[in-house]
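Structural overview
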Amino acid sequence: MHFSVIVSVYKVAPYLRVCVDSILSQTFRDFELILVDDGSPDQCPAICDAYAEKDPRVTVIHQPNGGPARARKTGLLASTGEYIVFVDGDDWIAATFLEQGAVLLKKTQAELILFSCSFEYETRSEIIREPVAEGLYDRTAIESNLYGSLLMNRQMKHLLYFIPNKVFRRSLAEEGILAVKESISLGEDLLGVLPVFLRAKEICVSSRTMYFYRIKEQSGSHGFQMKHFYQVSMALKELQKISFEYADCLPKDFEEQIARYGAYMCFTLMIHAVNDGKYYRLREICQQLNRPLFRECIQQAQFEDISPKTRITYWLLRKGRVRSAYMFLSICRRIRRNLLR
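Okay, so let's go over this structure. Small disclaimer: the values here were computed from a predicted structure and weren't measured.

Moving on, we come to the pairing of strand S6 (residues 112-120). Counting buried positions over the 9 residues of S6 gives 9, a clear majority of the element. The alternating pattern of S6 places Leu112, Leu114, Ser116, Ser118 and Glu120 and Ile113, Phe115, Cys117 and Phe119 on opposite faces, both of which are buried. When S6 meets strand S10 (residues 203-214), the two strands line up parallel, connected through 8 bridges. Each residue of the ladder has a partner; that of leucine 114, found in S10, is valine 205.

Given below as C-alpha cells:
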C-alpha cells in the first residue's frame, strides 16, 4: 500500500461526504482510507459505515471521543501505507493530491512533502503558501532556509503548522504524531509536525494548492474560550520539552522562537476575545496574561516589520496594560467595520 489517508471525524456530518468523496475520487488509486469516528454524536458514524459498505478501500474505526490527537494516533496505528496523509473531516483535497504526491516522492525521494492550501471562508478563498521558496531541501538547506521560520520568525511568519496539507513518510509521522499529548487540542498540529521538521533529511516544498481548509467562523478553534489560555500554556510547556529531547538538531534561536510563538498566541487570543465581545471576561484575561509563562514570552519576544496595530498592541501588553490593549483592539475593529460599510 502506497498511501494511507486518515480522516478524523467528529461533528462534521454536513461536510463529511464532500471530504470522503474528494478522497475516493483521487486520480491515484493505490491508497487506503481510514475513517476514525471519534465518538461523533451526529450522523457521522452512519455515514462512515455506509462508505465502508460500498468501497473496500474504506476502513472505519469507532471510538469514544478523545480529541483530534487521539483520533490521528488511532488511524496511524491502524494504517499500512508507506506514506501517510491526514485530512480533517470538514475539509477536502484536490483530485490530484495523491498523484502529485506520488510524482514528487518518486522524483525527489523526500521524506516530507508540503503543499499549499486554501482557506475556504463562506464568501471567499485565501491561498496560503509556505514562507520559503518551492523546491527540494536537503538537511543543510533545511537548517539554513527553513529553521529560521520553524516556530515564528521576527516578521511573524512561520512554516505552516497544519498536519493535513502534508505527505509524511511513515517513520516520521510516527515520531511526530504519536508523541502528541491527547489532552492538547490547541497547538496539537504544531507539536505533531515540529519533530518531523527536526528529523527530516529531505523536505519538498510545492506551491500547488492541494488542500482545502474549511473555515467556520464560529468554530471552537476560531472563537474565544478561556480554556484556550490553558491549552496554549500546555503547548508552550511541550515545546520546552522538545527543546531538551531534540537538543542536537534545534535552531540556535529556538528559545527566541518559542517566546515569539507564545506572544503571538496571546495576541491572537486577545483578537478573538475582542471579536467575540468578551469584555466581561477582561479581568480573567488580565489574570491569564499576567501569569509568569505568558509574561515571559511577551517580554522576551522581538518582532520586526509588523503592522502598526500589532506593534502598538505588543507595546501595551509588555507594559502590562492588558485592558488598554483590549480597548485599542476594539477601536481598531470598529474603525475597520465602519470602513467596510
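Turning next to helix H10 (residues 282-289). Restricting attention to buried positions, one finds in H10 the residues Leu282, Ile285, Cys286 and Leu289. Take H10 and look down its axis: the buried residues cluster within an arc of 100°, on one side only.

Before going further, it helps to spend a moment on unusual backbone geometry. In this structure, lysine 11 takes a positive phi of about 55° despite not being glycine. Looking at the element boundaries, lysine 11 is found in the loop between strand S1 (3-9) and helix H1 (13-24).

As a further point, take the pairing of S10. In terms of strand pairing, strand S5 (residues 92-93) meets S10 through 2 bridges, oriented antiparallel. Residue pairing across strands places isoleucine 93 opposite tyrosine 211, the latter belonging to S10. Alignment of strand S8 (residues 135-137) against S10, held across 3 bridges, turns out to be antiparallel. Residue tyrosine 137 lies in a different strand from S10, and its bridge partner there is isoleucine 203.

This part is about the packing of aromatic side chains. Scanning all chains against the criterion turns up 14 aromatic pairs. On the numbers, 5.5 Å between centres and 80° between planes, the contact of phenylalanine 3 with phenylalanine 28 is edge-to-face. Of this pair, phenylalanine 3 sits in strand S1 while phenylalanine 28 is found in the loop between H1 and strand S2 (31-38), placing the two residues 25 residues apart along the sequence. A relative accessible area of 0% means that phenylalanine 3 is categorised as buried.

Turning next to the pattern of salt bridges. For side chains bearing opposite charge, pairing can occur when the charged atoms are close. Under the criterion given, the structure shown has 16 salt bridges. The residue glutamate 182 makes a salt bridge to lysine 73 at a minimum N-O spacing of 3.9 Å. Here glutamate 182 is found in the loop between helix H6 (170-177) and helix H7 (188-199), whereas its partner lysine 73 is found in helix H3 (residues 68-78), with 109 residues between them in sequence. On the basis of relative accessible area, lysine 73 is assigned to the buried category, the value being 12%. With a closest N to O distance of 3.7 Å, glutamate 126 and arginine 124 form a salt bridge. The class for glutamate 126 is partly exposed, based on a relative accessible area of 32%. One network of salt bridges, with partners in common, ties together Arg72, Asp88 and Asp189.

Our next topic: a nonpolar patch on the surface. Taken together, the side chains of Ile331, Ile335 and Leu339 define a hydrophobic patch exposed on the protein surface, amounting to about 310 Å² of accessible area. Looking at where leucine 339 falls in the secondary structure, it is placed in helix H13 (residues 322-340).

In terms of nonpolar packing, the biggest core is built from 82 residues, with Phe168, Leu198, Ile203, Leu239 and Ile285 touching the most fellow members. Residues contacting leucine 198, with those up to four places away along its chain left out, are Arg139, Tyr147, Leu150, Ile242, Tyr246, Cys249, Leu250 and Pro251.

Of note, arginine 57 is situated in the loop between helix H2 (44-54) and strand S3 (58-63). Considering only alpha carbons, one finds arginine 57 and leucine 33, 24 residues apart in sequence, at a separation of 5.9 Å. Once residues within four sequence positions are removed from consideration, arginine 57 is found in contact with Leu24, Arg29, Phe31, Glu32 and Leu33. Polar contacts involving the side chain of arginine 57 include one to the main-chain carbonyl oxygen of leucine 24, which spans 3.3 Å.

Parameters and conventions
Residues numbered from 1 in each chain as written. Predicted model: local features only at pLDDT ≥ 70, side-chain atom pairs only at ≥ 80, totals over all residues. Heavy atoms only, no water. Buried < 20%, exposed > 50% of the residue type's maximum accessible area, 1.4 Å probe, protein only. Helix = DSSP H or I, 4+ residues; strand = E, 2+ residues; numbered from the N terminus. Pairing = 2+ DSSP bridges. Arc of directions from axis to C-beta. Phe/Tyr/Trp six-rings, centres within 6.5 Å; stacked < 30°, edge-to-face > 60°. Salt bridge = Lys/Arg side-chain N within 4 Å of Asp/Glu carboxyl O. Patch = residues over 30% accessible without salt bridge, like charges linked within 9 Å, V, L, I, M, F, W, Y side chains within 5 Å. Areas by Shrake-Rupley, 256 points an atom, 1.4 Å probe, with all protein chains shown as cover. Core = buried A, V, L, I, M, F, W, Y, C linked by side-chain atoms within 4.5 Å. Contact = heavy atoms within 4.5 Å. Polar contact = N/O pair within 3.5 Å; in protein donor to acceptor, adjacent residues only side chain to side chain.

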